[in-house]
Amino acid sequence: MIEMAERDPYYSAVFAEFYAILNEKGKALDWLEHAYRRGYFNYPFIQHYDPFYVNIRGENRFRKLMEDVKRQWEKIEV
C-alpha cells in the first residue's frame, strides 16, 4: 500500500486522511504534501469539505501548504 501511495496522489491523500484521523499531524502533513507534489490540489475539498483534515487545518504547515494548493487550483481554466 505504501509503495502505491508513494506513486499515486489520491492514495497519498488517503494516507494523509488516515494519519489526520489518528491525530498524527506530522505524518498527515507529510503525506498531504506528497499528494500535492504528485498532483493532488483540489483546494476547495481539502480546505473546506474533507472532514478527515479537521485535526490539521489549524496547523501553520497546513495553512502554508494551502497557499500553494490554492495558487495551483486557481491556474485551472474552466
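Here we summarise the structure given alongside this text. If you're wondering where the values come from, they're calculated on a predicted model, not measured in any experiment.

### Re the packing of aromatic side chains
- Taken as a whole and judged by the stated rule, the model has three aromatic pairs.
- Each ring, one from Tyr10 and one from Tyr11, has its centre 5.3 Å from the other, and the planes form 70°; the classification is edge-to-face.
- Overall, Tyr10 belongs to the partly exposed group, its relative accessible area being 49%.

### Remarks on unusual backbone geometry
- For Asn23, which is not a glycine, the phi torsion comes out positive at approximately 65°.
- Structurally, Asn23 can be placed in the loop between helix H2 (9-21) and helix H3 (25-37).
- On the accessibility criterion, Asn23 (43% relative accessible area) is partly exposed.

### Let's talk about the side chain of Asp50
- Checked against the element boundaries, Asp50 lands in the loop between helix H4 (43-49) and helix H5 (60-74).
- Although Asp50 is buried, it makes no salt bridge; Arg57 carries the closest opposite charge, 5.3 Å away.

### A closer look at the pattern of salt bridges
- This model, assessed by the stated rule, comprises five salt bridges.
- With a shortest N-O distance of 3.2 Å, Lys25 and Glu59 are connected by a salt bridge. Separated by 34 residues along the polypeptide, Lys25 in helix H3 and Glu59 in the loop between H4 and H5 bring together distant segments of the chain.
- Ionic contacts of the salt-bridge type, sharing partners, join the residues Asp30, Glu33 and Arg61 into one network.

Cut-off values and rules
Residues numbered from 1 in each chain as written. Predicted model: local features only at pLDDT ≥ 70, side-chain atom pairs only at ≥ 80, totals over all residues. Heavy atoms only, no water. Phe/Tyr/Trp six-rings, centres within 6.5 Å; stacked < 30°, edge-to-face > 60°. Buried < 20%, exposed > 50% of the residue type's maximum accessible area, 1.4 Å probe, protein only. Helix = DSSP H or I, 4+ residues; strand = E, 2+ residues; numbered from the N terminus. Lys, Arg positive; Asp, Glu negative; His and termini not counted. Salt bridge = Lys/Arg side-chain N within 4 Å of Asp/Glu carboxyl O.

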